[in-house]
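Remarks on the overall topology
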Amino acid sequence: MGQTFQLVAPRDRLFLPYWGKLGEILFDGSAADLVRLLAVPIRRQAHTSYPLCRKLAEMRQGNSDDKVYHHSRRATISHLPLEGLCLIFSYLEDPQDIIHLGLAGPRFWAVALDYMDAYYSSLLGRWAGKNIVCVGGDVEPGDFPPGLFSEEETELHPREVETLIYDDYPEYGSDVRPFTLYHFTYPSISEIERETSVQHVSTGFYVDYLERKEFNTISMQSASSSDLCVEESDYLPTNQPWILRNLTTKEFVRAESIALEPEDISGPNITYLGFGEVVMSRICWSTSPSVSMQDDTNISRGVWAGHKFDITTVARHEAETKNEVWRDVGDEIAREIATIWEGDYGPDWRKVIRERRGLYSYQ
């Protein structure tokens, strides 16, 4: 039947909730999730509407120069300076609470938008800088990628783990087995990393905002859907070149090195075959070579397994790595990708995967 593989950040005790044979998840678009997990977002520079909010946020209500509020002389929470408002918002953990407090007035709304912007940004790049592995179910006890754990850390791992004999039939009981790297994909060991859509989350908040606005006594008509409804491209801009970085080895891959065509590149996302496939093809780890695909690269012993990665803009990379030596491995990766994909799709593999538009697209 072949072993299943699953993505995990073992040192952080996190894993993605889907799994499959490597010959399936490497080619079916599943690797796209890695792009959102590794791409380091860029905070929006300014909101597209409600420009008065920013000016009001820096004013104290009751300031003699503020014609909007000059009639108010009582000391209220609205009289707090910007720093005070920010301190109050910093104690709010639930994004909906931030929105609700923001509806107290224009100054509150301006601060709320900044905090919501930070929240949306936090939904992206959550695995950037973490050690990650695509681990196979047949990995044996003590078989870890080089450098992933120190000897001291390995000693702290459980010796045995209780597992169900049949995952779908708990009535058959459980069994105790030696601990392996694959057990980091168990909920009893690690937490599930839920894939979150920025678009869906922000739309939900906007609907809640519209419902609350009806009961708000202060006019918020200048606010629009663009304040709360955001898209992934707002934080992962498509008008800048992006690169995949291996932070462990100081190697990088440019988008144009692996894209089938230049027009397939849209910021960090690349249609058909992109950074996610590159990472997944090099971070697999198992004792068994069974991968349910034609393999001429020893893919189950990935040379990048357990390494740290991120996806960032070229401009940010150049600013962060001045006087550092990094190696462009794009050509090497492109040859390796061609070998893997040709093994399963034949010499016309580029044409084959392009014909599957809509099935493996990152849209």
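It should be emphasised that the depicted structure is a prediction, and the values quoted were computed from it without experimental measurement.

Observations concerning the side chain of Ser121
Within the secondary structure, Ser121 is located in helix α6 (residues 106-122). Aside from chain neighbours lying at most four places away, what touches Ser121 is Pro41, Arg43 and Tyr235.

Notes on the sheet that holds strand β8 (residues 251-254)
Read across the open sheet, the 4 strands follow the order β12-β7-β8-β13; overall the sheet is mixed. The two strands at the open ends of the sheet, each matched to only one other strand, are β12 (309-313) and β13 (327-328). By the bridge criterion, 2 bridges tie β8 to β13 in an arrangement that is parallel. Across the sheet, residue Phe252 finds its bridge partner in β13, namely Asp328. Sheet strands in contact with helix α11 (residues 275-282) are β7 (242-246), β8 and β12, and its direction is about 15° off that of β7.

Looking at the confidence of the model for the protein
A residue-level look at the protein finds 82% of positions with pLDDT of 70 or above and a mean pLDDT of 84. Under a pLDDT of 50 for its full length, residues 47-52 has, in the predicted model, 17 contacts with residues more than four places off or in other chains. Of the regions scoring below 50 in pLDDT, residues 359-363 engages in 18 contacts with residues more than four places distant in sequence or in other chains.

Focus: the packing of aromatic side chains
Inspection of the entire model under this criterion finds 11 aromatic pairs. Measuring from centroid to centroid gives 5.7 Å for Phe149 and Phe184, while their planes differ by 20°, and the two rings are stacked. With a gap of 35 residues between them, Phe149 in the loop between β3 (133-136) and α7 (151-155) and Phe184 in the loop between β5 (174-178) and β6 (191-192) connect regions that are remote in the sequence. Assigned by exposure class, Phe149 and Phe184 land together as buried. Taken together, the ring pairs in this structure connect Phe144, Phe149, Phe179 and Phe184 into an aromatic cluster. Above the ring of Trp304, the side-chain terminus of Arg282 is found at 4.7 Å from the ring centroid. Positioned above the aromatic ring of Trp285 is the side chain of Arg301, whose terminal nitrogen or guanidinium carbon lies 3.8 Å from the ring centre.

Rules used in this analysis
Residues numbered from 1 in each chain as written. Predicted model: local features only at pLDDT ≥ 70, side-chain atom pairs only at ≥ 80, totals over all residues. Heavy atoms only, no water. Helix = DSSP H or I, 4+ residues; strand = E, 2+ residues; numbered from the N terminus. Contact = heavy atoms within 4.5 Å. Pairing = 2+ DSSP bridges. Axes fitted to C-alpha atoms, helices over the stretch in contact; angles between N-to-C directions. pLDDT = per-residue confidence, 0-100. Phe/Tyr/Trp six-rings, centres within 6.5 Å; stacked < 30°, edge-to-face > 60°. Buried < 20%, exposed > 50% of the residue type's maximum accessible area, 1.4 Å probe, protein only. Lys NZ or Arg CZ within 6 Å of the ring centre and 35° of its normal.

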